[in-house]
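Chains, contacts and geometry: an overview
Read off the chains here:
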Amino acid sequence: MVRQLEVLKDLDSILEKEEPTKAPLPEKSQCLYVEPLPSGERKNCKNCALWVTSARCLIHDPTLHIPKDWICGYWVGGKPQDTDLKLDIKQYISPSLTGLGPAPDGTACDNCRWYEPTSETQGKCHGLQEKGKPPTVDARACCSRWDQTKR
Ligand code: SF4
Ligand code: SF4
């Protein structure tokens, strides 16, 4: 019994010393990193090829009113559609899955919580890693880890 208690004590002290294990940060390629648009605009529905100018999105339920200053994780850079393409989509993607929501200022690295500017046009990203270090990103690039909450 004494021996068992000693073993438990040793185990306790080992666990106390151990740092909690942290998952490594993802790399750019794992987070759909996209370079800045030629216009330099931040991203939202108004510069997504899946947006229809009548305030609807080709991949979401057509009854949803989606203003130009919203965004979701399925953003595809390009010119919005002037008319509904009426794609034969059997099942629209749920907003809870796409992360649909308002983004009045648009999304880009320069308004992301992980961004640390190093010049007017570039900075370091603390939400991703490249060989264990924060990669250099463009101020108006973006990725799926974009987050506007404060650090
Ligand atoms: S909701 Fe997403 S996919 Fe649809 S237009 Fe906006 S950014 Fe593009
Ligand atoms: S700063 Fe934010 S949006 Fe830009 S690459 Fe890093 S996590 Fe993605």
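So, here is what we can say about the structure in this document.

The rules behind the values
Residues numbered from 1 in each chain as written. Chains lettered and ligands numbered in written order. Predicted model: local features only at pLDDT ≥ 70, side-chain atom pairs only at ≥ 80, totals over all residues. Helix = DSSP H or I, 4+ residues; strand = E, 2+ residues; numbered from the N terminus. Buried ≥ 20, exposed ≤ 12 C-beta atoms within 10 Å, placed from the backbone. Contact = placed C-beta atoms within 7 Å. Near = placed C-beta within 6 Å. Nonpolar A, V, L, I, M, F, W, Y, C, P; charged D, E, K, R; others polar. Pairing = 2+ DSSP bridges. Axes fitted to C-alpha atoms, helices over the stretch in contact; angles between N-to-C directions.

1. Structural notes on the overall build of the chain
For the chain, the helix and strand inventory stands at two helices and seven strands. Split into buried and exposed, the 151 residues of the chain put 24% on the buried side. When contacts within the chain are restricted to residue pairs at least 6 apart in sequence, long-range pairs at least 24 apart make up 68% of them.

2. Regarding the site of ligand 2
Near ligand 2 there are 14 residues, and of these Cys 109, Cys 112, Cys 125, Gly 127 and Cys 143 occur at the shortest range. Class assignment for the residues of the shell around ligand 2 results in 12 nonpolar, one polar and one charged.

3. Some thoughts on unusual backbone geometry
Phi is positive for Leu 32, close to 50°, though the residue is something other than glycine. Assignment of secondary structure puts Leu 32 in the loop between α1 (2-17) and β1 (51-52). The phi dihedral of Ala 55 falls on the positive side, at around 70°, and the residue is not glycine. Inspection of the secondary structure assignment puts Ala 55 in the loop between β1 and β2 (56-57). Looking at Ala 55, the number of C-beta atoms within 10 Å reads 13, which means it is partly exposed.

4. Structural notes on the sheet that holds strand β6 (residues 122-125)
Strands belonging to one sheet form pairs held by backbone hydrogen bonds; the direction of such a pair is parallel or antiparallel. A sheet is described by the order of its strands in space; here three strands give the open sequence β5-β6-β7, paired in antiparallel fashion. The open sheet has two edge strands, β5 (115-117) and β7 (136-138), and neither has a second partner. Neighbour-to-neighbour, the strand axes of the sheet open up by a mean angle of 45°, direction not taken into account.

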